[in-house]
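Descriptive structure summary
Listed below are the residues making up each chain.
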Amino acid sequence: MIIYRRAALLGGLGGALGGLPTAAQQDITFFRIGTGGTAGTYFPIGGLIANAISNPPGSRPCNDGGSCGVPGLVATSVASNGSVANAAAIGVGSAQSGFVQSDVAFWAYTGTGVYDGRPKIDILRAIANLYPESFQLVVRRDSGIKTVADLRGKRVSLDEPGSGTLVDARLILSAYGLSENDLKAEYLPAQQVADKLKEGAIDAFFNVSGWPQSAVADLASTVGIELVPIAGPQAEKLLRQYSFLGADEIPDDAYKGVSGVKTVSVHALWVTSTKQPEDLIYKITAALWNPNTRKLLDSGHAKGRVIRLETATVGPGIPLHAGAEKFYKEKGLVR
């Protein structure tokens, strides 16, 4: 609501001060981006992108140092339960777009995997592949957990219902011959899980996000943590079984005093639906890759620096939206 009022105010000031169109004279399009918990990576990245693609009435022209977003567009970054919740919201039209892990997007679109027996969401369309999301298994340094198999009998948070992390945690456990029944499983939202680890209420938690993740970084500098590798024959089998997964590595310098590990990753996709107009998504895609957006992404978050045009169409697992496809064809990225 705050950003809506600000848009109207800017429009009014623009008309009064410079003869620019007022909010009443220029149509406003509101465009929500479903992200994740406020402690995760989706939320700050969503804020950067929302800022980049917005251009409320009364904004200075791009060439004069103003917004280079879509004229009349007011985008908002909305906290959510994550990938599964975002896909559902897009499917029913309560969100115009959202961030969804590539595995969840594929399953939702095809009605397979975790969506087997559930209605498929075949209206999902990709705007861009943003960045890799690493599977991070975080444990207290004094937990004695060195491998995934060591989670047996431990207090482990698998993330909250509706999150992509929960889906993937189950996949990983299964690959290592475990299930939730072998653990003292918790289902904590990202906003609570770090505090629970600090308090000693849990021993470990799964997280799927771009590193460095702020809550994990805080734990590294306070209680002391370790990352558990997701590697070996079990991980290799996962990679063969699921084409949307990729081999990944979290480096030694990702978190203070924490050794890096080999792991696996999925893509963080920005997804919309076929119900969104081609012209609007074309303009949004163009705004995402405007040179001014590059400056925002590079300075706003570590993961923003790896959001690149050259990888925007790599491995989404679902079709591109017609508007995004038109833009990428013009850039020679798709045929």
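No experiment lies behind these values; they were computed from the predicted model shown.

Some thoughts on the overall build of the protein
Across its full length, the protein carries 11 helices and 10 strands. In terms of overall dimensions, the protein has C-alpha extents of about 65 × 40 × 30 Å along its principal axes. Residue burial in the protein is summarised as follows: out of 335 residues, 50% are buried. Element-wise, carbon and sulfur atoms account for 52% of the exposed surface of the protein, whose accessible area totals about 14400 Å². Here the protein contributes 32 positively and 30 negatively charged side chains, and the mean placements of these two sets differ by 3 Å.

Examining the packing of aromatic side chains
According to the stated counting rule, one finds four aromatic pairs in the structure shown. With centroids separated by 6.1 Å and ring planes inclined at 90°, the aromatic side chains of Trp107 and Tyr242 adopt a geometry described as edge-to-face. Of this pair, Trp107 sits in helix α4 (residues 102–110) while Tyr242 sits in the loop between α8 (233–241) and β9 (246–250), and the two are 135 residues apart along the sequence. With centroids separated by 5.6 Å and ring planes inclined at 75°, the aromatic side chains of Phe327 and Tyr328 adopt a geometry described as edge-to-face. Judged by its relative accessible area of 6%, Phe327 falls in the buried class. Residue classification places Tyr328 among the buried residues on the basis of a relative accessible area of 0%.

Observations concerning the packing of helix α2 (residues 42–53) against helix α10 (residues 291–300)
A packed helix pair is summarised by two numbers, namely the angle formed by the two axes and the spacing between the axes. Taken N-terminus to C-terminus, the directions of α2 and α10 make an angle of 160°; their axes are 10 Å apart at the nearest point. Here α10 runs roughly antiparallel to α2, going by the angle between their axes. As α2 packs across α10, the resulting crossing turns out to be right-handed. Contacts between α2 and α10 pair Leu48, Ile49, Asn51 and Ala52 from the former with Thr293, Leu296, Leu297 and Gly300 from the latter. When its residues are assigned to classes, the contact of α2 with α10 shows five nonpolar, three polar and no charged.

Topic: the pattern of salt bridges
Applying the stated criterion across every chain yields a total of nine salt bridges. With a closest N to O distance of 2.9 Å, Arg155 and Asp203 form a salt bridge. One end of the pair, Arg155, is in strand β5 (residues 155–157); the other, Asp203, is in the loop between α6 (190–199) and β7 (204–209), and 48 residues separate them in sequence. For Asp203, a relative accessible area of 13% gives the class buried. Note that Asp298 is salt-bridged to Arg308, the shortest N-O span being 3.9 Å. Highlighted residues: Asp298 in helix α10 and Arg308 in the loop between α10 and α11 (322–330), separated in sequence by 10 residues.

Some thoughts on the state of the cysteines
Counted by the stated rule, this structure contains one disulfide. With a sulfur-sulfur separation of 1.9 Å, Cys62 is cross-linked through a disulfide to Cys68. As the torsion about the S-S bond is roughly 75°, the Cys62-Cys68 disulfide counts as right-handed. Cys68 sits in the buried class, given a relative accessible area of 14%.

Regarding the pairing of β7
The side chains of a regular strand alternate between both faces of the sheet. When you tally the buried positions in β7, you get six out of six residues, the bulk of the element. By the alternation rule, side chains of β7 split into Ala204, Phe206 and Val208 and Phe205, Asn207 and Ser209, which are all buried. Pairing of strand β4 (residues 124–140) with β7, which is carried by six bridges, proceeds in the antiparallel orientation. Looking across to β7, one finds that Leu137 is bridged to Phe206. Two elements, β5 and β7, share two bridges in a ladder whose sense is parallel. Considered in β7, the bridge of Val156 is made with Ala204.

Conventions we followed
Residues numbered from 1 in each chain as written. Predicted model: local features only at pLDDT ≥ 70, side-chain atom pairs only at ≥ 80, totals over all residues. Heavy atoms only, no water. Helix = DSSP H or I, 4+ residues; strand = E, 2+ residues; numbered from the N terminus. Buried < 20%, exposed > 50% of the residue type's maximum accessible area, 1.4 Å probe, protein only. Areas by Shrake-Rupley, 256 points an atom, 1.4 Å probe, with all protein chains shown as cover. Lys, Arg positive; Asp, Glu negative; His and termini not counted. Charge placed at Lys NZ, Arg CZ, Asp CG, Glu CD. Phe/Tyr/Trp six-rings, centres within 6.5 Å; stacked < 30°, edge-to-face > 60°. Axes fitted to C-alpha atoms, helices over the stretch in contact; angles between N-to-C directions. Parallel < 35°, antiparallel > 145°, perpendicular 65-115°, else oblique. Left-handed = near helix turned anticlockwise from the far one by under 90°. Contact = heavy atoms within 4.5 Å. Nonpolar A, V, L, I, M, F, W, Y, C, P; charged D, E, K, R; others polar. Salt bridge = Lys/Arg side-chain N within 4 Å of Asp/Glu carboxyl O. Disulfide = S-S within 2.5 Å. Pairing = 2+ DSSP bridges.

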